[in-house]
Each structure stands twice: as C-alpha cells, then as structure tokens.
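What the coordinates show
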Amino acid sequence: MHIMEGFLPVQHAIGWSVASSPFVAYGLHSINKRFREQPEQRMLLGVAAAFTFVLSALKLPSVTGSCSHPTGTGLGAILFGPTAMAPIGAVVLMFQAILLAHGGLTTLGANIFSMAIVGPFAAAAIYRLARTARLPFGFSIFLAASLADLLTYITTSAQLALAFPDPSGGFAASFAKFAGVFAFTQIPLAISEGLLTVVVMNSLVRFNARELQQMKVTTAQELKA
Amino acid sequence: MLTEQSAYTNRWRKVSPVAKGFFSLCGTIAAFAAGSPRTALLIALILAAATIRGAGIPPLRYLRVAAPALLFLAASCLSLVFSLDFGGTTGGAALYPAVAEFPRIAQVCCRSLACLTALLFLSLTTPLPDIITLLRHCKLPDTLLDLMVLCYRTLFVLSEAVHETITAQSARLGYASFRLSLRSLGSLLANLTVQVWQRSQALHLAALARNNDGALRFLESSHANASKSISIAAGAGAVMIALAVALP
C-alpha cells in the first residue's frame, strides 16, 4: 500500500526519510559484508530486486473476487533476509515511482519504512518465532507472509493518521478511519499473499531443496522431515 | 513499458539529465511552496505542458501513464474527505464529511497532483540509466547503484519470462478459477525464484570472465550543451518557484 507522490506534508516526508535511512544504511553495510565474503551475492541481490519489482506487477487473485498485486515482503524477507530487504525495497520502490508512477519520490522514505523495513522485519521475526514454536513449515510461512502484509498496511495507516489527524478525534479516529477503509482490500489481500507464499515455498521445497539450503531458508533436517 | 518508450523517444532525450532532474526538483519545490490549490494546479499545468508540448509526449500516452496514479490520488483524497466520530448521537462510530477541512484537503490533493506531474516530467523524458547516472553524480553509495543497474538490466528479462509462462499457463486454463490461479501463480513464482538464482550465477560467471573485481562500471553517455541546458532549466525552475511563492 503506497503513499501517493506529494501526499505527505514536507515535515513528514523528511521525517520518514530520516527514520528509514539508518535501516537502509545498515542494510547496505550488511550487503557489503556479504559481497566481501560471497562475491556472487552481488548479482543475486541485483536480480532479486528485479524479481521483487516483477512480483509487484503481477495480478494476485483476492479471496473477495477482486485482484491486487503481491508485495513480496514476506517472501523476500524469508529468502534474502530482512536487512537486505531495506536497500532492495528502496530500489524497487524507487523504480515503481519512476517507471509506474506508483508511490513517489517525496514519499519514498515513508513507503520504505512501511514496506521495506516493518514488513520484512516482521516477516522474519514471525517466521523465526513460528519455527521455534515448532509450528508446521507451511503454516509458519503463511503466518509470516500474511501478518507482514497486515503490519505493512497498519504502518501505512498510522503514517497517514499522523499526517492527517481527525479534526475531532485526533490520531486515534484518523487511524481507525484509514485502517477501516483499507481493511476491505488489505485483509483479503494479506490472506491471498499468505496462501501464495505457501504455494511458492512448497514448490521450492519440492523441486529446489538444494537452492533453499544454500539460501539458508531451510536446513537439511527440515527438508528430510 | 509506456514510460520507458517515452523516455527513449521524446524530443528532450538528448538533454542533460541534470537539467531535467533539476527542473523536476524545482517543480516539486514549487508544488510544496504553492499557497493555494489554484496555484498548485497552475504548477501542475506548467509541468504537464512542458512534458507534452516541450518534450513531445503524445497527450493520450501521458494520460494512460497518469491514469492509475490519478485514480489512486482520487481514492486517497476521498479517504480524507470523511471524518470518524466515536461519540455520535447514536453512541457508536459515525462517518461524516469533514466540510471544514475541505480547503485543506483541496490543497493536499492539488499539491499531490503537481508533484505527480513533476515526477512524470522526469520519468517520461529521462531513461532510467540516465537517472542512475544522475544519482551517481549525487554520490549515492556504489552498492545501491549496482543494485539499481542490475535490477534495471534484468527486470525486462524476468518480465518476458513471466509473460511467456502466464501465456503458457493460461492456454492450459491455469487461471480459470481462484484455486487454479493461486496454484499457477505459485508455481510461476517458484520457477521465477529459481531463475533468479540461476541467472545471478550465470551473470557472476560472465562478470568473472571479464575480470570483474567488484563494482560494476559503465560508460556514461555524454550530453551536448549540458551547461546551457542546466542554466535554462534552472531559470525556468526559479520562475516556477517564484510564481508559486508570489501567487496567493
């Protein structure tokens, strides 16, 4: 769920850019470290950014009958790690703004914060928690992808509510309004994206177990099980 | 992609990206500096006219590129029009039009529209590799620029792979129902994920064969009369900002 170009007041646009920059900077630092240890990761992350962009252009069938596009937040975080997703997400969001006029350059910081920071970190944390709690692999993936999607949209609603508080009810009423309005599309979308991510991961486990092990998504023991 | 087609075929294709980037930035500043919705609309009109009349982008193509963003803008503005009251007469929450907020909402919508036209000016007149060169001049980290270059160079390859797979799946009724759509899309993405892995390995080998030692380096395209273009863009941009500040 992108925030439109020029929609946020200038203080908020700058504020969210400042809030996002340490995460992007740390992501770049961790990517540089990965590049030094495994030089082939340079190409992998570049192609992964293109993959995320292409993913966002696909039509995702929604359980309500409408269709939208997957965010790829959960899948990307599980495959490439949450820290790498901040710079990858920044590149993808910038490309979406320039090539598709989706989102914007002034709102890039806010969109990075919700989609490339909150979403991936939430997905990675939920996936790890679910695996620690010994939940089934497919259910862990579903929880990670769908809850990351929901948290992304809740963050965007909070960003909009902060920028445009309700004249009578303030932040709380505005947040309830934005979250309520977007819930009609975002909750079915989150469920669809969760199901889709499970189908993708099941296919990968079945046909590309070696690649998943190399990406450190699953262990040899998990694959045997 | 319509944006890319326009960026490579417009009249200002050979104009320095610094000049176009600067003019677009001035447009954005003017949009934020505009004191009223009418002034923001004037800025939007100037930027749209510069793109259509100046760069020679066909108006219909401009509208086709702008249409999804305009619809999104309309939906975003509509969400601002209504206010939520928790302490209504019935005791529950009630949605009502926030009439007193209409001037502020109009200002936000017109500002957003003007910013959108500034963004469209840049994206429809400047190919993405030129924008990446511009960002390189702005001293963005090399790693981020490498990601951008690799992303740009492979996204069309992956898009083609997606298009061909969807055609093949559709021919086998792979998208006939919700369940089939989800299954087809899932196998398409799983296949694409593996392609990401395999293509990146092939790219790495190709780079190694060319003695790549880390960062990716590309020749920059040169632009004739760059300083003249930058001066004109700076002048026009300054006039636009002055208009936005001076007009009520």
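Residues numbered from 1 in each chain as written. Chains lettered and ligands numbered in written order. Predicted model: local features only at pLDDT ≥ 70, side-chain atom pairs only at ≥ 80, totals over all residues. Heavy atoms only, no water.

1. Focus on the overall build of chain B
- A count of helices and strands for chain B gives 9 helices and 2 strands.
- Put simply, chain B runs from its N terminus to its C terminus through helices and strands in the order α-α-α-α-β-β-α-α-α-α-α.
- The C-alpha atoms of chain B give a radius of gyration of 23 Å, which is well past the 18 Å a tight globule of 248 residues would have.
- Considering chain B as a whole, with its 248 residues, one finds that 47% of them fall into the buried category.
- By sequence separation, contacts in chain B at least 24 residues apart represent 74% of the contacts at least 6 residues apart.
- As presented, chain B carries roughly 12400 Å² of accessible surface, and 66% of it is formed by carbon and sulfur atoms.
- Separation of charge centres in chain B, based on 20 positive and 10 negative side chains, amounts to 8 Å. (Helix = DSSP H or I, 4+ residues; strand = E, 2+ residues; numbered from the N terminus. Rg over C-alpha atoms; globule rule 2.2 N^0.38 Å. Buried < 20%, exposed > 50% of the residue type's maximum accessible area, 1.4 Å probe, protein only. Contact = heavy atoms within 4.5 Å. Areas by Shrake-Rupley, 256 points an atom, 1.4 Å probe, with all protein chains shown as cover. Lys, Arg positive; Asp, Glu negative; His and termini not counted. Charge placed at Lys NZ, Arg CZ, Asp CG, Glu CD.)

2. Digging into the interface of chain B and chain A
- Every contact between the two is made by 70 residues of chain B and, on the other side, 68 residues of chain A.
- At the boundary of chain B with chain A, total buried surface from both sides reaches about 6200 Å², with 80% on carbon and sulfur atoms.
- The interface formed by chain B and chain A contains 1 salt bridge.
- Salt-bridge contacts for A:Arg42 lead to B:Asp146; the nearest nitrogen and oxygen are separated by 2.7 Å.
- Here chain B is connected to chain A by 11 residue pairs in polar contact (both at pLDDT 80 or more).
- It is helix 8 (residues 178–209) of chain B that contributes the most residues to the side of chain B that touches chain A, 19 residues altogether. (Buried area = accessible area lost by both parts, 1.4 Å probe. Salt bridge = Lys/Arg side-chain N within 4 Å of Asp/Glu carboxyl O. Polar contact = N/O pair within 3.5 Å; in protein donor to acceptor, adjacent residues only side chain to side chain.)

3. Some points on unusual backbone geometry
- Phi angles above zero are rare outside glycine, and A:Arg134 is one such case at about 60°.
- Summarising the element assignment, A:Arg134 is placed in the loop between helix 5 (108–132) and helix 6 (137–163).
- Within the chain, B:Lys139 stands out as a residue other than glycine whose phi angle is a positive 65°.
- Here B:Lys139 shows up in the loop between helix 6 (128–137) and helix 7 (142–171).
- Judged by relative accessible area, B:Lys139 falls into the exposed class, the value being 73%.

4. Things to note about the environment of A:Leu108
Residue and element names in this part refer to chain A.
- Along the chain, Leu 108 turns up in helix 5.
- Counting along the chain gives 92 residues from Leu 108 to Trp 16, while the straight-line C-alpha distance between them is 8.4 Å.
- In contact with Leu 108, not counting residues within four places along its chain, are Ala 90, Leu 93 and Met 94.

5. Considering the state of the cysteines
All names here are of chain B.
- Tallying each qualifying case throughout the model produces 1 disulfide over all chains.
- Note on cysteine connectivity: Cys 77 is disulfide-linked to Cys 109, with sulfurs 2.2 Å apart. Pair noted here: Cys 77 is in helix 4 (residues 59–81) and Cys 109 is in helix 5 (residues 102–125), with a separation of 32 residues, a long-range link. Pair check on accessibility: Cys 77 and Cys 109 agree, each one buried. (Disulfide = S-S within 2.5 Å.)

6. Describing the packing of helix 6 of chain A against helix 7 (residues 170–207) of chain A
All names here are of chain A.
- Where helix 6 meets helix 7, the closest approach of the two axes is 7 Å, and the angle between their N-to-C directions is 155°. Considered as vectors, helix 6 and helix 7 are oriented roughly antiparallel to each other. For the element pair helix 6 and helix 7, the recorded crossing hand is right-handed.
- Its residues assigned to classes, the contact of helix 6 with helix 7 comprises 25 nonpolar, 8 polar and 2 charged. (Axes fitted to C-alpha atoms, helices over the stretch in contact; angles between N-to-C directions. Parallel < 35°, antiparallel > 145°, perpendicular 65-115°, else oblique. Left-handed = near helix turned anticlockwise from the far one by under 90°. Nonpolar A, V, L, I, M, F, W, Y, C, P; charged D, E, K, R; others polar.)

7. A look at helix 5 of chain A
All names here are of chain A.
- Counted at 1.5 Å a residue, the expected span for helix 5 with its 25 residues is 36 Å, and the 34 Å between its end C-alpha atoms agrees.
- Roughly 25° is the biggest bend found in helix 5, and it falls at Val 118, with proline Pro 120 one to four residues downstream.
- Within helix 5, 18 of the 25 residues are buried, leaving the element largely enclosed by the surrounding structure.
- Positive backbone phi, at 60°, marks Arg 134, one or two positions downstream of helix 5. (Expected span 1.5 Å × (residues − 1). Bend = angle between axes of the 7 residues up to and from the residue.)

8. A few points about a nonpolar patch on the surface
- Taken together, the side chains of A:Ile187, A:Ile191, A:Leu195 and B:Phe178 define a hydrophobic patch exposed on the protein surface, amounting to about 290 Å² of accessible area.
- Here the nonpolar patch gets 3 residues from one element, more than from any other, and that element is helix 7 of chain A.
- Classification of B:Phe178 by relative accessible area gives partly exposed; the value is 33%. (Patch = residues over 30% accessible without salt bridge, like charges linked within 9 Å, V, L, I, M, F, W, Y side chains within 5 Å.)

9. Notes on the side chain of A:Thr52
All names here are of chain A.
- You can see Thr 52 is positioned in helix 2 (residues 41–56).
- The buried category is assigned to Thr 52, whose relative accessible area is 9%.
- Beyond its immediate chain neighbours, meaning those up to four positions away, Thr 52 contacts Thr 71, Ile 88 and Val 92.

10. Overview of the environment of B:Ala75
- Inspection of the secondary structure puts B:Ala75 in helix 4.
- Along the backbone, B:Ala75 and B:Leu25 are 50 residues apart, and their C-alpha atoms lie at a distance of 26 Å.

11. Quick look at the pattern of salt bridges
Residue and element names in this part refer to chain B.
- Under the definition given, this model contains 3 salt bridges over all chains.
- Asp 130 is the partner of Arg 13 in a salt bridge, and the nearest nitrogen-oxygen pair spans 3.2 Å. You can see Arg 13 sitting in the loop between helix 1 (2–9) and helix 2 (17–33) and its partner Asp 130 sitting in helix 6, a full 117 residues away along the chain.
- On the basis of relative accessibility, which here comes to 5%, the residue Asp 130 falls in the buried class.

12. Re the domain arrangement of chain B
All names here are of chain B.
- Domain parsing of chain B yields domain 1 (2–84 + 96–134 + 223–246) and domain 2 (141–209).
- Averaged C-alpha coordinates put domain 1 and domain 2 at centres separated by 32 Å.
- Summing the contributions of domain 1 and of domain 2, the shared interface buries around 400 Å²; its carbon and sulfur component is 80%.
- The largest contributions to the domain 1 side of the interface with domain 2 come from Glu 4, Leu 128 and Ile 132, which together make up 85% of the buried area. (Domains from an automatic or database assignment.)

13. Overview of helix 6 of chain B
- Within helix 6 of chain B, 7 of the 10 residues are buried, which leaves the element mostly enclosed by the surrounding structure.
- Within the sequence span of helix 6 of chain B, burial applies to B:Leu128, B:Asp130, B:Ile131, B:Ile132, B:Thr133, B:Leu134 and B:Leu135.
- Its buried side turned inward, helix 6 of chain B meets helix 4 (82–100) of chain A together with helix 1, helix 2, helix 5 and helix 7 of chain B.
- Two residues or fewer after helix 6 of chain B comes B:Lys139, characterised by a positive phi angle close to 65°.

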